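# Structure at a glance
Listed here are the chains, written in short residue letters.
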Amino acid sequence: MLPVRLSRARGWVVRALALLLALWLALMGHGTATAGSGWVGAALSGQQLLPALDGATAWLNSAPLDAQALRGKVVLVDFWTYSCINCLRTLPYVRAWAQKYGPSGLVVLGVHTPEFDFERALPNVQRAVKDLGITYPVAVDSQQALWRAFGNRAWPAFYFVDASGRIRDRQLGEGRYERAERMIQQLLREAGRRNVPEDLVAPQGEGTQAAAGPRAPASDETYLGAARAEGFVATLGQLRTGGRPQRFSPAPRLDLNQWTLAGNWRVGEEQIEAPQAGAHISYRFRARDLHLVLGPGQPGRSLRFRVRIDGKAPGADHGSDTDAEGNGRIDAQRLYQLVRQSTDGRERLFDIEFLDEGAQAFSVTFG
């Protein structure tokens, strides 16, 4: 998953390019799955029917849904995965739409398609759905069968299905919530629903679900595993798999969007793991928020960590998963918000030290 981060401030030129990209991917039938804070959308021809939903490996919050049985309903399909920051920031809107328009005949269907291997595990998805307060139906798409059936290319992605079962529109990436809600209202009215609300929701997400900052970050999602890592530098140590821990000595200086390691690390394709306490990850970034996808190597463990920004405790700039002193704990495989600044105008040096052995780190994301 490579990040697509299209700033709203770039105007119609960027949106036109994004539209051309979306159309090209659709015509070519292949492409790279993306996640991003930008928006790619295109009105569809209305000829594609809602695909069969029998490829789901499990269903949460409902019995299995059937595409034919959904005829007569307006359906919003939301492709998401629970460690994706862009997906998490859409959830306050999706939950609000499900509650507001459910009585008018809207069915919201979340399709959880994993990016990392740990997101394929049903207990992890079940815990995430509960913790995130999702009560609408969720199709667990651990084998990516529904992803392929829709020809999807991004997290998050909305598909708008009318009462005749045809996909009328789609929207890739977070943002443009007014456009999405107006489409829901339009399809409900076309279906003959009366008293469809005309106002718009305005939810306020918290923590990892809080809205992105007003400026596009100058730092992009960075993977830490050997398969897709970029921007890594070190005085000693290489990002290569082999099963054995390596000793890393950090680079003496980092440029923007470079990162380094210190201490002992075991490098995997998707993640890096600290087999001993005292290991560090450092990253020079410019963005309001910084998140890490982390997890304990052994389920059920609670691992301590400590965050520093420019060598100091974060204070008021701490995230929802750290305190002012920079202390936090890893309790599950998920996304952790470690930095939340009031402004994002300058480069900062982030450092996290793992105080217990066994921590795994997958990717760094920004907002």
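The model shown is predicted, which means the values in this text are computed figures rather than measured ones. (Residues numbered from 1 in each chain as written. Predicted model: local features only at pLDDT ≥ 70, side-chain atom pairs only at ≥ 80, totals over all residues. Heavy atoms only, no water.)

The topology assignment puts Glu-181 in helix H5 (residues 177-190). Other than its neighbours up to four places away in sequence, Glu-181 contacts Trp-97, Lys-100, Tyr-101, Asp-199, Leu-200 and Val-201. (Helix = DSSP H or I, 4+ residues; strand = E, 2+ residues; numbered from the N terminus. Contact = heavy atoms within 4.5 Å.)

Bridge count between strand S12 (residues 234-236) and strand S13 (residues 246-250): two bridges; the pairing is antiparallel. Looking at S13, one finds that Leu-236 is bridged to Ser-249. Of the strand pairs in this sheet, S13 and strand S14 (residues 259-267) are connected by three bridges, and their pairing is antiparallel. Directly across from Gln-246, in S14, lies its bridge partner Trp-265. (Pairing = 2+ DSSP bridges.)

Across all of its chains, the model carries zero disulfides by this definition. No disulfide involves Cys-84; its sulfur sits 3.1 Å from the nearest other cysteine sulfur, which is in Cys-87. (Disulfide = S-S within 2.5 Å.)

Here the focus is the pattern of salt bridges. Scanning all chains against the criterion turns up 22 salt bridges. A salt bridge links Arg-179 to Asp-169; the nearest nitrogen and oxygen atoms lie 3.0 Å apart. Note that Arg-179 is positioned in helix H5 and Asp-169 in strand S10 (residues 167-172), a separation of ten residues in sequence. The salt bridge involving Asp-310 is made with Arg-346; its shortest N-O contact spans 3.8 Å. Of the two residues, Asp-310 sits in the loop between strand S18 (303-309) and strand S19 (327-330) while Arg-346 sits in the loop between strand S20 (334-340) and strand S21 (348-354), which places them 36 residues apart along the sequence. Since its relative accessible area comes to 33%, Asp-310 is described here as partly exposed. Exposure remark for Arg-346: the relative accessible area of 52% places this residue in the exposed category. Each member of the salt-bridge network shares a partner with another, and the members are Asp-310, Asp-317, Arg-346 and Arg-348. (Salt bridge = Lys/Arg side-chain N within 4 Å of Asp/Glu carboxyl O. Buried < 20%, exposed > 50% of the residue type's maximum accessible area, 1.4 Å probe, protein only.)

Time to look at unusual backbone geometry. Residue Pro-156 is bonded to the preceding Trp-155 through a cis peptide linkage, with omega at -20°. Counting through the fold element by element, Pro-156 comes out in the loop between strand S8 (154-155) and strand S9 (157-161). Its identity is not glycine, yet Gln-144 carries a phi of approximately 60°, on the positive side. Locating Gln-144 in the fold gives a position in the loop between strand S7 (138-140) and helix H4 (145-150). By relative accessible area, which is 25% here, Gln-144 ends up partly exposed. In this model, Asn-257 sits at a positive phi of 70°, which is unusual for a non-glycine residue. Mapped onto the fold, Asn-257 is located in the loop between S13 and S14.

Before going further, it helps to examine the side chain of Arg-153. One can find Arg-153 in the loop between H4 and S8. One buried charged residue, Arg-153, remains without a salt bridge, the closest side chain of opposite sign being Asp-141 at 11 Å. (Lys, Arg positive; Asp, Glu negative; His and termini not counted.)

In this model, helix H2 (residues 85-101) (17 residues) spans 25 Å end to end at C-alpha, consistent with the 24 Å of a helix rising 1.5 Å per residue. Approximately 35° is the largest bend angle found in H2, and it occurs at Leu-91, with the proline Pro-92 only one to four residues beyond. Of all 17 residues making up H2, 13 are buried, and the element is well covered by its neighbours. (Expected span 1.5 Å × (residues − 1). Bend = angle between axes of the 7 residues up to and from the residue.)

Residues Val-77, Phe-79, Trp-80, Trp-97 and Leu-106 are the most contacted members of the largest nonpolar core, which totals 65 residues. If one sorts the elements of this core by residue count, H2 sits on top with nine residues. Apart from the residues within four sequence positions on either side, Phe-79 is in contact with Val-111, Thr-113, Asp-141, Leu-146, Trp-147, Phe-150, Asn-152, Ala-154, Trp-155, Pro-156, Ala-157 and Tyr-159. (Core = buried A, V, L, I, M, F, W, Y, C linked by side-chain atoms within 4.5 Å.)

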